[in-house]
Amino acid sequence: GQNIDQPTEMTATEGAIVQINCTYQTSGFNGLFWYQQHAGEAPTFLSYNVLDGLEEKGRFSSFLSRSKGYSYLLLKELQMKDSASYLCAVRDGNYKLSFGAGTTVTVRA
Amino acid sequence: ETGVTQTPRHLVMGMTNKKSLKCEQHLGHNAMYWYKQSAKKPLELMFVYSLEERVENNSVPSRFSPECPNSSHLFLHLHTLQPEDSALYLCASSQDLGQGVDTQYFGPGTRLTVL
C-alpha cells in the first residue's frame, strides 16, 4: 500500500519562509509532485522531483531524498495569496499518483 | 485559467436520483482520470482512461459508472448514491500515462451533496 504523511496545518507571517515536509512509503517510485490547491479550486502543479536534490522555481523550491522517503516544499517570501492547501503526491512505478491529505498553510499579515 | 472543465460545479441529489458529471479537456491529452476528494482525506483515484480504454478501476462501487466516448470527454454516471458519497469529484488529464514530468492537470471539480 501507499502511505504519504504531511502536516495538517501550518501558519506563517507574510514575508517569512515555510517548509512543508512530506514522508512517504510506497510500493514503487517514479517521481514526487507538489500541488497547490486554493479553496474551491483545482489543484495546480508546482514542482516535480525524481532525482535526489533541490529543484528551485522562483519563490518555491522542492527537495527530495529517495533513500529517506522524504521531500519538502519550501515557500519563501510568503504572500497572502500563498494561503492554500499543498498536496504531496508520489507516482508509483507506473502512472498512479498517491496523495497525502494536504497541508493547509495560512499566511498572516 | 484551466484546460480542464467540469460541469456542473455543484450538484445536490437524492439517493434515488440518476445524474452525470461531465469533464472536458482542451489540452490534446491521451489520459483522463476521476478522483474523489473528501474533507481532510487524500485524493482517491477512482478511474483511469488511456486512449478511451479503461486501465484502472480502483475498487469503486458499481453505483459509479464512468464513460469515455473520446479522448477529450469523460463522464461519471451516478445512481442510487449514499450520503457518504458526498465529496468533491475531480477530473484530471495528462499527456500520457505518467512518464517523466508528465503531470496531471485538474479541473475545478464538482461539489456533490447526496441527501
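Residues numbered from 1 in each chain as written. Chains lettered and ligands numbered in written order. Predicted model: local features only at pLDDT ≥ 70, side-chain atom pairs only at ≥ 80, totals over all residues. Heavy atoms only, no water.

Our focus in this paragraph is the nonpolar core. Residue and element names in this part refer to chain B. In terms of nonpolar packing, the biggest core is built from 22 residues, with Trp 34, Phe 64, Leu 76 and Leu 78 touching the most fellow members. At the level of elements, β2 (10-13), β3 (18-25), β4 (31-37), β5 (44-50), β7 (64-70), β8 (73-79), β9 (87-94) and β11 (110-114) are the ones that each hand at least two residues to this core. In contact with Phe 64, other than residues within four places in its own chain, are Met 46, Phe 47, Leu 76, His 77, Leu 78, Leu 81, Asp 85 and Tyr 89. (Core = buried A, V, L, I, M, F, W, Y, C linked by side-chain atoms within 4.5 Å. Buried < 20%, exposed > 50% of the residue type's maximum accessible area, 1.4 Å probe, protein only. Helix = DSSP H or I, 4+ residues; strand = E, 2+ residues; numbered from the N terminus. Contact = heavy atoms within 4.5 Å.)

A separate point is the packing of aromatic side chains. Each aromatic ring pair is summarised here by two numbers: the centre-to-centre distance and the angle between the ring planes. Counted according to the given criterion, the structure contains 15 aromatic pairs over all chains. Each residue in the set Phe 33, Tyr 35, Phe 45, Tyr 48 and Phe 99 of chain A together with Tyr 33, Tyr 35 and Phe 106 of chain B is aromatic and connected to the rest through ring pairs, giving one cluster. (Phe/Tyr/Trp six-rings, centres within 6.5 Å; stacked < 30°, edge-to-face > 60°.)

Residues and elements named next belong to chain B. Cis geometry marks the peptide bond from Thr 7 to Pro 8, where omega comes out at -10°. Along the chain, the position of Pro 8 falls in the loop between β1 (4-7) and β2. Phi is positive for Leu 51, which is not a glycine, with a value near 50°. Its location among the elements puts Leu 51 in the loop between β5 and β6 (53-57). Despite not being glycine, Thr 80 shows a phi value in the positive range, around 45°. Turning to its location among the elements, Thr 80 is positioned in the loop between β8 and β9.

What follows covers the pattern of salt bridges. Evaluated as defined, the whole model comprises 5 salt bridges over all chains. The salt bridge involving Asp 82 of chain A is made with Arg 59 of chain A; its shortest N-O contact spans 2.8 Å. With Asp 82 of chain A in the loop between β8 (70-75) and β9 (84-91) and Arg 59 of chain A in the loop between β6 (53-57) and β7 (60-65), this pair connects stretches of sequence that are 23 residues apart. With relative accessibility at 2%, the residue Asp 82 of chain A sits in the buried group. In this structure, Glu 56 of chain B and Lys 96 of chain A form a salt bridge, with 3.2 Å as the shortest nitrogen-oxygen distance. With Glu 56 of chain B in strand β6 and Lys 96 of chain A in the loop between β9 and β10 (97-99), the pair connects residues from two separate chains. The exposure class assigned to Glu 56 of chain B is buried, which follows from its relative accessible area of 13%. For Lys 96 of chain A, a relative accessible area of 24% translates into the label partly exposed. (Salt bridge = Lys/Arg side-chain N within 4 Å of Asp/Glu carboxyl O.)

These figures come from the coordinates and say nothing about function on their own.
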